Amino acid sequence: MIYLSTGHFQKQNFYKTALLYAKNNISNIEFSGGKFTKNINIKLKKLKKKQISFIFHNYFPVPKKSFIINLASSTDKIHKLSVNHFKKVIDISSLYKIKYVSMHAGFKVNFLKNSFKINHINEVNIIDNDKAEKNFLKSIRIISKYAKKKNIRILIENNVLSKKNYLLFKSNPFLFSESKSINKIMKDLPKNVGLILDTGHLKVTCKTLGLNLSEEYKKVFKHIKAYHLSDNNGLADTNNLFTKNAWWFKKFKKKLDYYTIEVYDDDLSKLKKQVSIVEKKINTKKF
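A.B. asks: Go over the nonpolar core with me, naming the residues and quoting the values.
C.D. replies: With 83 residues, the main nonpolar core has Phe 31, Leu 44, Tyr 217, Tyr 227 and Phe 242 as its most contacted residues. At six residues, helix H4 (residues 129–148) tops the list of elements feeding residues into this core. Beyond its immediate sequence surroundings of up to four residues, Tyr 227 is in contact with Ile 196, Leu 197, Thr 199, Tyr 217, Phe 221, Lys 251, Phe 252, Lys 253, Leu 256, Tyr 258, Tyr 259 and Thr 260. One finds Ile 68, Val 109, Phe 111 and Phe 169 within the second-largest nonpolar core, a separate group that totals nine residues.

Here is the structure:
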C-alpha cells in the first residue's frame, strides 16, 4: 500500500490533517508526529468509518509530555520511555490489525535538553559506539519480542548524517545511517525486524561521508521491507518532490506492503502525483 505521510503538518493534530487528506481523496495515511491529541481511539474509529487506512511511524501517537525517543540511550529514563512508547504503538496497531510499526534507529548521544536543535557539542553526552549498539540491540529485541506476540513486524529507519552534524560532532553520532552500520546491526536482529529505507536520508549521508550512493543502496537492498520516499540536493534532508527518474527507481522493490511518500509540500495535488508515480512503478514489469 502507498501511504502519504503527515510529517509536513507538525503544527496541527493528526485528525485535522487526516480530514484534510480525506477531503482531497487521499485515503492511505502514515501518521507521524504532530500535536498531542486526546481520545485518539475515538478519532481513529471515525477515520475507519470514512474508509481511511492508516499506519503509525515513530513519534505517534504523540505523548502528552514530549521527549526525544532514543532507543540507544544510556539514560535509563529515556530508554524506558522509548521502549514503552513503542509498546503502546504496537498495542494500538494490533487493535486496528496493522502489520508494521516503524521507528527511527538510535543515536550515539544523550540529549541534555528536549530538542534536536544542537548548536554546541556540550549540549549532548557522547555514547561509546559499542555501548550505543548494545543499548539499541537490547531495545529492539524487547520491542520485537513484544510485537511478535501480536503478529506485527518491526521496521527500523536509517538515520541521516548531514554535513552540519558531521562538522559539529567531528564524527557520525548516529547508528544505522550507512551500509556498514546497517548490515552489522541487522545481522544481530530477530527475523521480524527489517529496514524501512529513507531515500532522502541515504542520499544526504552518502554525500556527507563521500560514499557512492548506488553502491550503498545495493549493499542494504536485501534488508528493505518498506520505503520512505523523498528527494533532496544531498546537503540536507529537505523532503523534496521526486520524479519518475529518481535514483532509487533504477533498482526498486515493487512487491512490498508499505511505501510512504514523505514529501513536504502544501500542494496536495502535487503529493497525489507523487503517489501516482510510485503506483506506476510498482505496477510496471520493467523499469
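A.B. asks: With reference to specific residues and values, describe a positive patch on the surface.
C.D. replies: Taken together, the side chains of Lys 45, Lys 46, Lys 49 and Lys 50 present a region of like positive charge at the surface. Along the chain, Lys 50 turns up in the loop between helix H2 (40–49) and strand S3 (53–56). For Lys 50, a relative accessible area of 47% gives the class partly exposed.

A.B. asks: Requested: an account of the environment of Thr 260, with residues and values cited.
C.D. replies: Along the chain, the position of Thr 260 falls in strand S10 (residues 259–261). A relative accessible area of 0% places Thr 260 in the buried class. In the structure, Thr 260 is positioned 230 residues away from Glu 30 in sequence and 7.0 Å away in space, judged by C-alpha atoms. With residues near it in sequence (within four places) discarded, Thr 260 still touches Tyr 3, Ser 5, Glu 30, Tyr 227, His 228 and Leu 229.

A.B. asks: Run through the pairing of strand S1 (residues 2–5), naming residues and quoting values.
C.D. replies: Side chains Ile 2 and Leu 4 of S1 all project onto a buried face; the interleaved residues Tyr 3 and Ser 5 project onto the opposite face, where all are buried too. The pairing of S1 with S10 spans three bridges and is parallel. By the bridge assignment, Ile 2 is partnered in S10 with Tyr 259. As defined by bridge partners, S1 adjoins strand S2 (residues 28–31) across two bridges and the pair is classed as parallel. Bridge pairing in S2 links Leu 4 to Ile 29. In this fold, the crossover linking S1 to S2 by way of helix H1 (residues 14–23) has right-handed handedness.

A.B. asks: Tell me about the packing of helix H7 (residues 199–209) against helix H8 (residues 213–220), and name the residues and values.
C.D. replies: Direction vectors running N to C along H7 and H8 enclose 125°, while the axes themselves pass 9 Å from each other. The orientation of H7 with respect to H8, classified from their angle, is oblique. Between H7 and H8 the crossing geometry is right-handed. In this structure, H7 uses Leu 202, Lys 203 and Cys 206 to contact H8, whose residues at the interface are Leu 213, Glu 216 and Tyr 217. When its residues are assigned to classes, the contact of H7 with H8 shows four nonpolar, no polar and two charged.

A.B. asks: Talk me through H2; I want residue IDs and the actual numbers.
C.D. replies: Where H2 is concerned, the buried positions are Ile 40, Leu 44 and Leu 47. The buried residues of H2 occupy an angular sector of 55° when projected down its axis, which confines them to one face. Here the buried face of H2 lies against H1, S2, S3 and helix H3 (76–95). Phi turns positive one or two residues past the end of H2, at Gln 51, with a value near 65°.

What counts, and at which threshold
- Residues numbered from 1 in each chain as written.
- Predicted model: local features only at pLDDT ≥ 70, side-chain atom pairs only at ≥ 80, totals over all residues.
- Heavy atoms only, no water.
- Core = buried A, V, L, I, M, F, W, Y, C linked by side-chain atoms within 4.5 Å.
- Buried < 20%, exposed > 50% of the residue type's maximum accessible area, 1.4 Å probe, protein only.
- Helix = DSSP H or I, 4+ residues; strand = E, 2+ residues; numbered from the N terminus.
- Contact = heavy atoms within 4.5 Å.
- Patch = residues over 30% accessible without salt bridge, like charges linked within 9 Å, V, L, I, M, F, W, Y side chains within 5 Å.
- Areas by Shrake-Rupley, 256 points an atom, 1.4 Å probe, with all protein chains shown as cover.
- Salt bridge = Lys/Arg side-chain N within 4 Å of Asp/Glu carboxyl O.
- Lys, Arg positive; Asp, Glu negative; His and termini not counted.
- Charge placed at Lys NZ, Arg CZ, Asp CG, Glu CD.
- Pairing = 2+ DSSP bridges.
- Right-handed = clockwise from strand over helix to strand, strands pointing away.
- Axes fitted to C-alpha atoms, helices over the stretch in contact; angles between N-to-C directions.
- Parallel < 35°, antiparallel > 145°, perpendicular 65-115°, else oblique.
- Left-handed = near helix turned anticlockwise from the far one by under 90°.
- Nonpolar A, V, L, I, M, F, W, Y, C, P; charged D, E, K, R; others polar.
- Arc of directions from axis to C-beta.

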